[in-house]
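Chain and residue survey
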Amino acid sequence: MAQSNNSIKKILTVAFALCIVCSVIVSTAAVALRSKQQFNQELDRKTNILNVADLYESGMDVNETFESSITPRVVNLETGEYSEEHDPATYNAFEARRDPAASRTLSGEQDPAGLTRVETYSTVYLVGDPDDPEQIILPIRGQGLWGLMRGFLAVEGDGNTIVGITYYEHAETPGLGGEVNNPRWQAQWAGKEIFGSEDALAPAIHLTKGGASGENEVDALSGATLTSNGVTNMLQFWLSPEGFGDYLAKFRTGVSQDEAQGADVELEAEGA
């Protein structure tokens, strides 16, 4: 006796076959589009870097402008010195933070940004002459209200004056914490100073309620206290000696990275 088309066996067989076909289609599409996705991610990263440096113009060739204007360098966060251990074109600091051998654990007062772990090496982006850059672009990240916020901070070659800030990834509430992407709010950052004095180790830049009046203050986001605190906390971390503080100190004292490294080599030679 022939089985009914509505039998459980035939239904399960068709459902299983359909799942297999759909899985093959999805997997094939994912593999085929991976290179395109990676290309778009890289293009978005370069666009954000050019944007925070005030170099981006609509319709421009992003890759060409990036290559001619920006020099990536890998920095050892523990020493503040450049490193040749990693290729800046391929090194991924965000992924390195997951590797215990390439990162360190943060706890308590060490971790105001809520990162838990931080990579040993990170990539910075230099505008103009890499030996005497016009701007230094730093990757920053930290916890906001709803999750991790990732962005870039551009600093002038003096290692202290802010050029701009931008966030390219966050889950903050639209109209509240999401205003970190509002050009009017971002415009306040230009000309603000990171440190309160030339020899200060801790950054003074912070968000404040009720109207910013000082050179180290930026207006907090209206109705978004936790996001505002998150922005302050991530800057307190990344601009401190735990982050890029030692690296920026070389520019604040007027000693280039190459000069500083050369002096270190001479001291080591004399000690030997």
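Residues numbered from 1 in each chain as written. Predicted model: local features only at pLDDT ≥ 70, side-chain atom pairs only at ≥ 80, totals over all residues. Heavy atoms only, no water.

For the protein, an unreviewed UniProt entry supplies the name Na(+)-translocating NADH-quinone reductase subunit C and the organism Halomonas alimentaria. Here the protein is described in UniProt, under the heading Sequence similarities (unreviewed entry), as follows: "Belongs to the NqrC family." (UniProt positions renumbered as here; feature names shortened; annotations may be inferred.)

Take helix α5 (residues 225-238) next. Here α5 contains 14 residues, and its C-alpha end-to-end distance of 20 Å stays within 8% of the 20 Å for a straight helix at 1.5 Å per residue. Residues Thr227, Ser228, Gly230, Val231, Thr232, Met234, Leu235, Phe237 and Trp238 constitute the buried set of α5. (Helix = DSSP H or I, 4+ residues; strand = E, 2+ residues; numbered from the N terminus. Expected span 1.5 Å × (residues − 1). Buried < 20%, exposed > 50% of the residue type's maximum accessible area, 1.4 Å probe, protein only.)

Here, the residues flagged by UniProt with the feature "modified residue: FMN phosphoryl threonine" (unreviewed entry) are Thr225. Tracing the chain through its elements places threonine 225 in helix α5. Of the residues examined, threonine 225 reaches a relative accessible area of 36% and is grouped as partly exposed. A distance of 3.2 Å separates the side chain of threonine 225 from the side chain of lysine 209, its partner in a polar contact. (Polar contact = N/O pair within 3.5 Å; in protein donor to acceptor, adjacent residues only side chain to side chain.)

Attention now goes to the pairing of strand β8 (residues 162-169). The sheet contact formed by strand β7 (residues 148-156) and β8 spans six bridges and is antiparallel. The residue of β8 that forms the bridge with arginine 150 is glutamate 169. Between β7 and β8, which pair antiparallel one after the other, the connecting turn spans five residues, and glycine 159 there sits at a positive phi close to 70 degrees. (Pairing = 2+ DSSP bridges.)

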